[in-house]
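Examination of the molecular architecture
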Amino acid sequence: MNDMRQMTSFGRAIEDQSFAVIDEEAGSHSFSKEEWEVVRRIIHATADFEYKDLTKIHPNAIDSGIAALTNGCPIVCDVQMILAGLNQERLGAYGCKAYSFISDPDVIDIAKEKNSTRAIESFQKAKRFDLLNGAVIAVGNAPTALLEIARLIQEEGIRPALIIGVPVGFVSAVESKEVILTLDSSHKHSAPYILTRGRKGGSTIAVAIIHALLLLSSKRTTS
């Protein structure tokens, strides 16, 4: 799999020009070359340079995410909007499959019965199917999903390869991301992450991060 960008030369020229503008306007930063590939793709998807300061990347996140994807890991998402944005051909090249259970009838029924949230119960279902260990977990919409992932790491010992924690919103969005950051203080409960601190985020950001990692994996295999 050489060039996964699947673009015409004209489209690639526009993208390259956009990235050049981002590099110039963003100025200096402390990200590594590969980390910056992720951050500037977030900026490219949003036209929001604030993500340069909001994005936090665990030191092992890039390596762990790429290794998991190239080994065909599951990608477990909180909402189907992320699934809709992912390039299935790129995922298929590595044998990856993406999942979201939030709209499954059994998940809805259990959430109502327990007065829980569909997001929480969707990740409980993913755990029952043993999809979380070694997975790339992408949360772009539901803070309760991210809080549940943190609980599963701390209390039930799940070990995802990477947490993409970028839920957008006003209730628990900020706090859920900070909980993931606090896990890093304990090696016992640590998990690699890519987060956007604060209220900003969304499914578009999660998709941009996954695509950035897929492109980085392609560059590594062809270099």
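Here the residue index of a chain counts from 1 through its sequence in written order. Reporting in this predicted model follows two pLDDT cut-offs: at least 70 for local features of residues, and 80 or more for side-chain atom pairs to be given and counted; totals over whole chains, interfaces and linings ignore these cut-offs and use all residues. Neither water nor hydrogens contribute to the side-chain values; these are computed over all heavy atoms in the structure.

With that settled, the discussion passes to the overall build of the chain. Helix and strand content of the chain: 11 helices and 6 strands. Radius of gyration here is computed from C-alpha atoms only, and the compact-globule reference equals 2.2 Å multiplied by the residue count raised to the power 0.38. Computed over the C-alpha atoms, the radius of gyration of the chain is 17 Å, within 12% of the 17 Å expected from 2.2 N^0.38 for a compact globule of 223 residues. When its C-alpha atoms are laid out on the principal axes, the chain stretches across 55 × 35 × 30 Å. Exposure is judged per residue with a 1.4 Å probe applied to protein chains only, and the accessible area is read against the type maximum: over 50% gives exposed, under 20% gives buried, and values in between give partly exposed. Counting only residues that meet the buried cut, the chain has 52% of its 223 residues in that class. In this tally Asp and Glu are treated as negative and Lys and Arg as positive; neither His nor the chain ends contributes. Throughout, a charge is located at the NZ atom of Lys, the CZ atom of Arg, the CG atom of Asp or the CD atom of Glu. Of the charged side chains in the chain, 24 are positive and 27 negative, and the gap between their average positions amounts to 1 Å. Strands are runs of DSSP state E lasting at least 2 residues, helices are runs of H or I lasting at least 4, and numbering of each runs from the N terminus.

Here we come to helix 4 (residues 61-70). For helix 4, the buried fraction is high: 7 of the 10 residues fall into the buried class. If you check which residues of helix 4 are buried, you get Ala 61, Ile 62, Ser 64, Gly 65, Ile 66, Ala 68 and Leu 69. Just beyond helix 4, the residue with positive phi is Gly 72, at close to 80 degrees.

A few words now on the packing of aromatic side chains. The pairing test for Phe, Tyr and Trp rings, Trp by its six-membered ring, is centres within 6.5 Å, and the orientation test on the planes gives stacked under 30 degrees, edge-to-face over 60, and tilted for anything in between. Applying the stated criterion across every chain yields a total of 3 aromatic pairs. Plain terms: the ring middles of Tyr 99 and Phe 101 are 5.9 Å apart, the flat faces sit at 35 degrees to each other, and that makes the pair tilted. Under the relative-accessibility criterion, Phe 101 is labelled buried at 10%. Members of the aromatic cluster, each reached through a chain of ring pairs, are Tyr 99, Phe 101 and Phe 129.

This part takes up the nonpolar core. Buried Ala, Val, Leu, Ile, Met, Phe, Trp, Tyr and Cys residues form a nonpolar core when they are joined through side-chain atoms within 4.5 Å. Within the largest apolar cluster, 70 residues are counted, with the highest numbers of intra-cluster contacts made by Val 38, Ile 75, Ile 82, Ile 164 and Ile 209. Those residues within four positions of Ile 164 in sequence are excluded, and the remaining contacts are Val 136, Ile 137, Ala 138, Val 139, Ile 194, Ala 206, Ile 209 and Ile 210. Between two residues, a contact is recorded if the distance between any of their heavy atoms is within 4.5 Å.

One requirement defines pairing of two strands: DSSP has to find at least two bridges between them. Read across the sheet, 6 strands follow the order 1-6-5-4-2-3 without closing on themselves; strand pairing throughout is mixed. The sheet terminates laterally at strand 1 (55-57) and strand 3 (97-99), the two strands that pair on one side only. If you compare each strand with its neighbour and ignore which way they point, the axes differ by 15 degrees on average. Bridge count for strand 2 (residues 74-77) against strand 4 (residues 136-139) is 3 bridges, and the pairing is parallel. Axis lines are fitted through C-alpha atoms, for helices just across the contact stretch, and the angle between N-to-C directions can take any value from 0 to 180 degrees.

So, on to the environment of Val 76. Within the secondary structure, Val 76 is located in strand 2. We classify Val 76 as buried; its relative accessible area is 2%. As for Val 76 and Asp 63, which are separated by 13 residues in sequence, their C-alpha atoms are 18 Å apart. The contact partners of Val 76, leaving out residues within four places of it in the chain, are Tyr 99, Phe 123, Ala 126, Leu 131, Leu 132, Ala 135, Val 136, Ile 137 and Ala 138.

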